[in-house]
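Chain by chain, the residues:
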Amino acid sequence: MADLHSESTPTDENRRRRRAVLAIQFAFLAGVIAITVAVIPLAQNMLLNPTQGYLALFAVALVSGALFMIPGFGWAAIGTFAIAFDNWWLPALVGTTGQVIGELYSYFLGYTGSRWIRRNRWYFRIQGFMRSHGFRTILVIAAIPNPIFDLAGAVAGAIGFGWYRFFAASWLGRLLKNSVIAALAILGADIILNAIGA
């Protein structure tokens, strides 16, 4: 007689996969934060050539927007550049534009009809909101730090939501979020520098 407790059910397997993905995302985010903190002393070099610095931020933001379901390092880069330039607005603007252009990758994955998108448990929830409140749904999801924005982009593509409307809603939402992140990064750096007497 087989031991019933030794068999793995699909639900158990799904839980293990979700935990593994979550652990990988947290490890990735922790690594990004550690690298960002380590790079802060090099910020003075960026001040000598801000154009190259902003091009580097745009490239990092573009890649972070294109990486599916791995949030974190785009935010960290925007915060780092805001601290380096002591300016919250321009890093938020440049970073947002790069992220949203990169995010078109998720949109076009959905637009081409990739099947894996419908397997995600959030797909039908987001789809319902997208069908009734498309622009506002993208705007709100983009404005709140969360890992499901990539899926929302894919859903937008899958239901035929216009790419230009997706771009506009994403850009506005992310600009709001990234502006807050950049301002908080500058504030946090000031607090830390004052605390250590630098």
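Since the model is a prediction, treat every value here as computed from it, not as a measurement.

## Quick notes on the confidence of the model for the chain
Logical step 1: On average, residues of the chain score 82 in pLDDT, and 77% of them reach the 70 mark or higher.
Logical step 2: By mean pLDDT, helix 1 (residues 10-39) is the weakest element of the chain at 66, and helix 8 (residues 163-196) is the strongest at 94.

## Some details on the packing of aromatic side chains
Logical step 1: Under the defined criterion, the tally for this structure stands at nine aromatic pairs.
Logical step 2: In textbook terms, an aromatic cluster arises when at least three aromatic residues are bridged by ring pairs, as seen for Tyr107, Phe108, Tyr111, Phe149 and Phe166.

## Some details on unusual backbone geometry
Logical step 1: Residues other than glycine seldom take positive phi values, yet Asp86 does so here, at roughly 50°.
Logical step 2: Within the element layout of this structure, Asp86 appears in the loop between helix 4 (73-85) and helix 5 (89-111).
Logical step 3: Since its relative accessible area comes to 57%, Asp86 is described here as exposed.

## With respect to the packing of helix 6 (residues 123-143) against helix 8
Logical step 1: At a closest axis distance of 7 Å, the pairing of helix 6 and helix 8 adopts a crossing angle of 30°. In terms of orientation, helix 6 lies roughly parallel with respect to helix 8. Crossing of helix 6 against helix 8: the hand is right-handed. Contacts between helix 6 and helix 8 involve Phe135, Ile138, Leu139, Ala142 and Ala143 on the former and, on the latter, Arg165, Phe166, Ala168, Ala169, Ser170, Leu172, Gly173, Arg174, Leu176 and Lys177.
Logical step 2: Residue classes in the contact of helix 6 with helix 8 are distributed as ten nonpolar, two polar and three charged.

## Examining the environment of Leu55
Logical step 1: Checked against the element boundaries, Leu55 lands in helix 3 (residues 50-66).
Logical step 2: Expressed as a C-alpha distance, the spacing of Leu55 and Gly98, which sit 43 residues apart in the sequence, is 9.7 Å.

## Some details on the nonpolar core
Logical step 1: Within the largest apolar cluster, 19 residues are counted, with the highest numbers of intra-cluster contacts made by Ile126, Met130, Ile138, Ala156 and Phe166.
Logical step 2: Of all the secondary-structure elements, those providing two or more residues to this core are helix 5, helix 6, helix 7 (149-158) and helix 8.
Logical step 3: The residues contacting Ile138, other than those within four sequence positions of it, are Met130, Phe149, Ala152, Ala156, Phe161, Phe166, Ala169 and Ser170.
Logical step 4: Grouped together as the second largest cluster of nonpolar side chains are ten residues, Ala77, Ile78, Val94 and Ala182 included.

Criteria and cut-off values
- Residues numbered from 1 in each chain as written.
- Predicted model: local features only at pLDDT ≥ 70, side-chain atom pairs only at ≥ 80, totals over all residues.
- Heavy atoms only, no water.
- pLDDT = per-residue confidence, 0-100.
- Helix = DSSP H or I, 4+ residues; strand = E, 2+ residues; numbered from the N terminus.
- Phe/Tyr/Trp six-rings, centres within 6.5 Å; stacked < 30°, edge-to-face > 60°.
- Buried < 20%, exposed > 50% of the residue type's maximum accessible area, 1.4 Å probe, protein only.
- Axes fitted to C-alpha atoms, helices over the stretch in contact; angles between N-to-C directions.
- Parallel < 35°, antiparallel > 145°, perpendicular 65-115°, else oblique.
- Left-handed = near helix turned anticlockwise from the far one by under 90°.
- Contact = heavy atoms within 4.5 Å.
- Nonpolar A, V, L, I, M, F, W, Y, C, P; charged D, E, K, R; others polar.
- Core = buried A, V, L, I, M, F, W, Y, C linked by side-chain atoms within 4.5 Å.

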